[in-house]
Amino acid sequence: MPKSKVLKCTLIGLIVSLNTLCMSFAQSTSDTLVVIHTNYGSIKVRLYEDTPLHRQNFIKLVQKGFYDSLLFHRVINGFMIQGGDPDSKQADITQVLGNGDIGYTLPAEINSNYFHKKGALAAARESDDVNPEKASSGCQFYIVQGKKFSQADMLIVENRMINQTKQNLLWKYLRRPENTQLRERYIAFQQTRNNDSLMAITQSVQPFIDEEMKTIKKHTFSETEKLSYATIGGAPHLDGNYTVFGEVVDGLDVIDKIAAVEVEGNNRPVKDVRMSMNFEIVNKK
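Conventions and cut-offs
- Residue indices follow the written sequence of each chain, beginning from 1 at its first position.
- Local features in this predicted model are restricted to residues whose pLDDT is 70 or higher, and side-chain atom pairs enter the listing and the counts only when it is 80 or higher, whereas totals over whole chains, interfaces and linings include all residues.
- Values shown for side chains rest on all heavy atoms present in the structure; no hydrogens or waters enter the calculation.
- Comment: elements are numbered from the N terminus, with helices defined as DSSP H or I runs of at least four residues and strands as E runs of at least two.
- Each residue's exposure class comes from its accessible area (1.4 Å probe, protein chains only) as a fraction of the maximum for that residue type: buried when under 20%, exposed when over 50%, partly exposed otherwise.
- Two residues form a contact once any of their heavy atoms are found within 4.5 Å.
- Each accessible area value is a Shrake-Rupley result obtained with a 1.4 Å probe; residue values ignore everything except the protein chains displayed when judging cover.
- Two aromatic rings from Phe, Tyr or Trp, using only the six-membered ring of Trp, form a pair when their centres are within 6.5 Å; if the ring planes differ by under 30 degrees the pair is stacked, by over 60 it is edge-to-face, and anything between is tilted.
- Comment: the charge-over-ring label is applied if NZ (Lys) or CZ (Arg) is within 6 Å of the ring centre and within 35 degrees of the ring normal.
- To define axes, lines are fitted to C-alpha atoms, for helices over the stretch in contact only, and angles between the resulting N-to-C directions are given on a 0 to 180 degree scale.
- For classification purposes, angles smaller than 35 degrees are called roughly parallel, those larger than 145 roughly antiparallel, those between 65 and 115 roughly perpendicular, and all remaining angles oblique.
- The hand of a helix crossing depends on one turn: near helix anticlockwise from the far one by less than a right angle means left-handed, and clockwise means right-handed.
- Classes in brief: Ala, Val, Leu, Ile, Met, Phe, Trp, Tyr, Cys and Pro nonpolar; Asp, Glu, Lys and Arg charged; the others, Gly included, polar.
- Nonpolar core, defined: a set of buried Ala, Val, Leu, Ile, Met, Phe, Trp, Tyr and Cys residues in which side-chain atoms within 4.5 Å join the residues together.

(A) View of the overall build of the protein chain. Across its full length, the protein chain holds seven helices and ten strands. Taken over 285 residues, the protein chain has a buried fraction of 47%. Once local pairs closer than 6 in sequence are excluded, the contacts in the protein chain between residues at least 24 apart make up 77%. Accessible area of the protein chain: about 14300 Å², with a carbon and sulfur share of 51%.

(B) Main features of the packing of aromatic side chains. Under the defined criterion, the tally for this structure stands at 13 aromatic pairs. With 5.5 Å between their ring centres and 85° between their planes, Trp171 and Tyr186 make a pair best called edge-to-face. Taken together, the residues span a long stretch of sequence, with Trp171 in helix 3 (residues 151-174) and Tyr186 in helix 4 (residues 180-192) at a distance of 15 residues. Where Phe221 meets Tyr229, the ring centres are 6.0 Å apart and the plane angle is 90°; that geometry is what we call edge-to-face. One aromatic cluster is present, built from ring pairs that chain together Phe58, Phe66, Tyr67, Phe72, Phe141 and Phe245. Sitting over the ring of Phe115, Lys117 keeps its end group 5.9 Å from the ring centre. Here the basic side chain of Arg125 rests over the ring of Tyr242, its NZ or CZ set 4.4 Å away from the ring centre.

(C) How the structure looks around unusual backbone geometry. One non-glycine residue, Lys134, adopts positive backbone phi at about 60°. In this fold, Lys134 is placed in the loop between strand 6 (120-123) and strand 7 (136-137). Phi is positive for Asn267, which is not a glycine, with a value near 70°. You can see Asn267 is positioned in the loop between helix 7 (252-259) and strand 10 (275-283). Overall, the relative accessible area of 24% leaves Asn267 in the partly exposed class.

(D) Expanded view of the environment of Val248. Within the secondary structure, Val248 sits in strand 9 (residues 244-250). Residue classification places Val248 among the buried positions, given a relative accessible area of 10%. Spatially, the C-alpha atom of Val248 lies 4.1 Å from that of Val45, the residues being 203 residues apart in sequence. Ignoring anything within four residues of it in the chain, the contact list for Val248 reads Ile43, Lys44, Val45, Gly119, Ile143 and Ile255.

(E) Fine view of the packing of helix 4 against helix 5 (residues 195-213). Where helix 4 contacts helix 5, the axes come no closer than 9 Å and their chain directions differ by 150°. Classified by the angle their axes make, helix 4 and helix 5 are roughly antiparallel. As for how helix 4 packs across helix 5, the hand of that crossing is left-handed. Along the contact surface, helix 4 presents Leu182, Arg185, Tyr186, Phe189 and Gln190, while helix 5 presents Ser197, Leu198, Ile201 and Thr202. Of the residues belonging to the contact of helix 4 with helix 5, the class tally is five nonpolar, three polar and one charged.

(F) Structural view of the nonpolar core. Among the nonpolar cores identified, the biggest contains 32 residues, and Ile43, Phe58, Tyr67 and Phe141 are the most heavily contacted of them. Other than its neighbours up to four places away in sequence, Phe58 contacts Val34, Leu47, Tyr67, Leu121, Phe141, Phe245 and Met277.

In short, the description is geometric, and any link to function would need to be established separately.
Below, the structure is given as structure tokens:
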């Protein structure tokens, strides 16, 4: 789930050390389970081995007690619950949350085998216009609650994802140094909601978008994904855009309880939902 702001500085030393640590887990015969304790019950998640940077970073933060007493600061019923902002530990009820970070980001580890079904654990990040590499927050995460989607719904989602890709390509063009003035005009038109002028700029960039689209594979959902979204639900429009690095194996009902709490206008729960975490290693059967 996009967060408002994450410091865009991936520490090279951290990545090197994480790569080294991840090699030791490559042939692991065990699962790493993280238990997230809340005042609504506990959620147990399994971390994926083939998203090693996110896996080991999460383990490191849990071991340090980083998440203890932090809040689920953004809750949207029928979508997801988000936490991990370090500013939330001592935040008063008036403080706007979502901008806190740990000082580094993680390279995206988007794996087509993992999708945003209900219970998916994924990394929050800044939006594409400032983060085209889709780098993940070093600490903020979300757990999908989602909703169920029919076959017709899935076609609508696919079309929306195509339109989002085109919008991302528009910004790719506008971010070019030689297009600075055009970008500034586009932003100004957005601020004044001048839709006719926005459309005119988009049309002028259309040839570039069309050429780029020829090189991009259209996102389609597998039958397994469609079945999962139809039966247990999720948030399919996020697929391919955020790193999913784990899934809930126990406690889906707790997600529902948290998602149902009363929230304020910024989706922060009126009553604090705090967390603490511990992890355990279990042998695979």
